[in-house]
Amino acid sequence: MELEPIIGLEIHVQMKTRTKMFCGCINHGEHENPNTAICPICTGHPGTLPVLNMVAVTYGVRTALALNCRILEHVKFDRKNYFYPDLPKGYQISMYDLPVGVEGYLDIPATSGAKESDHRTRIGITRLHLEEDAAKLLHSPDEQWSFVDYNRAGTPLMEIVTQPDFRAPTDARRFLQELQTICRYLGVSDADMEKGHMRCDANISLRPAGSTAFWPKTEIKNVNSTKAVERALEFEIRRQTKLWQTNTPPSTSTTRGWDDGKQATVDQREKEGEGDYRYFPEPDLPPLHFGPLQPIDPEVVRRTLPELPAAKRHRFVEELGVSATDVGTITNDPALADFTEQVISELHAWIRSTPDASDDLLAKAGRTAGGWIASKLLGIGNDRGTSFGESKATAENVAELLTLFLTHRINSTIAQQLLEQMVVTGADPSQLLEEMHVEQVSDTDTLTTAVEAAITAHPGPVADYRSGKSNAVQFLVGQVMKATKGTANPGVVRTLLEERLRSI
Ligand code: ZN
Ligand code: MN
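Structure report, in brief. (Residues numbered from 1 in each chain as written. Chains lettered and ligands numbered in written order. Predicted model: local features only at pLDDT ≥ 70, side-chain atom pairs only at ≥ 80, totals over all residues. Heavy atoms only, no water.)

A few words now on the packing of helix 13 (residues 459-466) against helix 15 (residues 490-502). Look at helix 13 against helix 15: their axes get within 11 Å of each other, and the N-to-C directions meet at 75°. The orientation of helix 13 relative to helix 15 falls into the category roughly perpendicular. Mapping the contact onto sequence places V462, Y465 and R466 in helix 13 and E498, L501 and R502 in helix 15. By residue class, the composition of the contact of helix 13 with helix 15 is three nonpolar, no polar and three charged. (Axes fitted to C-alpha atoms, helices over the stretch in contact; angles between N-to-C directions. Helix = DSSP H or I, 4+ residues; strand = E, 2+ residues; numbered from the N terminus. Parallel < 35°, antiparallel > 145°, perpendicular 65-115°, else oblique. Contact = heavy atoms within 4.5 Å. Nonpolar A, V, L, I, M, F, W, Y, C, P; charged D, E, K, R; others polar.)

With the exception of glycine, the majority of residues adopt a negative phi angle, and the majority of peptide bonds are in the trans configuration. Backbone geometry places A191, a non-glycine residue, at a positive phi of 50°. One non-glycine residue, L293, lies in positive phi territory at about 70°. Its location among the elements puts L293 in the loop between strand 16 (288-289) and helix 4 (298-303).

Under the criterion given, the structure shown has 28 salt bridges. Two residues, D259 and K262, come together in a salt bridge whose shortest N-O distance is 3.9 Å. The partly exposed category is assigned to D259, whose relative accessible area is 24%. Among the residues examined, K262 registers a relative accessible area of 60% and is labelled exposed. With a closest N to O distance of 2.8 Å, R315 and E307 form a salt bridge. According to the relative accessible area criterion, R315 is buried, its value standing at 18%. (Salt bridge = Lys/Arg side-chain N within 4 Å of Asp/Glu carboxyl O. Buried < 20%, exposed > 50% of the residue type's maximum accessible area, 1.4 Å probe, protein only.)

Our next topic: the pairing of strand 4 (residues 78-81). Burial along strand 4 is two-sided: the residues D78 and K80 and R79 and N81 are all buried. Pairing geometry for strand 4 and strand 5 (residues 91-94), over four bridges, is antiparallel. Counted as the bridge partner of N81 is Y91 from strand 5. Here strand 4 pairs with strand 15 (residues 280-281) via two bridges, running antiparallel. Its bridge partner being in strand 15, D78 is matched across the sheet by P281. (Pairing = 2+ DSSP bridges.)

Keep in mind that these numbers describe shape and distance, not what the molecule does.
What follows is the structure, encoded as structure tokens:
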């Protein structure tokens, strides 16, 4: 029997607001000592009242708009009741039936190297709602003690729920990566899964291919990287396929945790039913209204959205000439994308000022710049263990370096050496070049001498060339390059040699 996986995701994203969701405590207290970024509100003391952080609400609206959601006009907060030490109030303030955004979608980008239009998959977004994070529990290795750090309690969260639209684990991974990039572009979260800024639960069930029914699903929790989500789903497909093959498909919904060490999902407590949470409207917060004349008007927020990753990738390829292979790497980080755009616009301005400006040349410059930034510039950082943000090379200087390279004044080996120094010191490439005395020798006087010497010293290849073996010139080019210690421009050398050989 052929089986088809049905996958949906539930994602929690911590927002990077300055303060918490319902109090003035500093947000992201994980960097502080435990239980220092807390107050009576986020530790649930009796008699305290929540005050809504409107920046967090705006971030939620921004993200919902970027995910093509419809923003509801009226929304409210609800209490989700459950008892656990990480939740001192006994309930989490969340949103139940009236979330911020509904009915959105996100297109999964094509894999790197493929055209943007290829195998695009549209994933439906059921809803985006706001809530607060719980405290962090830490257990001693002998499991004798549990510790609670309330610094995380009250951190503003967005919960994003997708439709069960995924059919492949790799699509789930690419969706999460795209969502991370969008959050970074919007400035609402760093969305780093390893750091817990973004957490993902994945629901998966199998069904016979062609069937439209849904079977009881398994929820996988505790997955802390996009790669791990893909692996956990692959593992579940294998596990559930075996159950189907022995005629015992899952009969109830279950919860499993991902064990990174074992590379396997393991059984966890049964999932609580929705009714157990006894949702009811939060009486301590007024309902929210979105629209004109309200504190937050989605149409005004929409106008503040930056160019989103998909649009940027498309423009970088179509208008700037960046290759489809490099564009993903470059646009992943908004700062790197801005840097690249600046480099290319400088290169283009320079090309347009020259007599041989052409569309071909403009596209070539974009492709070269994209390639140099994606592989060489980032490669230097990787080798040194530093991030792009730590590179001292300015866009202006990188553009100048690439101009030297594109006009054949330096070859790629020397350009790479210069770039390495630029990254470390921020030096200007022309100045470095002067100091290094490596500028490619293109001035014909020096070259003519070397060409004459090569011809005199190697009568054999000269005779070969004159008898019609045009390849023989290659040997002579090599001799001149050797004599100039590799600093000559091989193209110029070849032209000079051919001119001279024809005149003999
Ligand atoms: Zn607080
Ligand atoms: Mn939640």
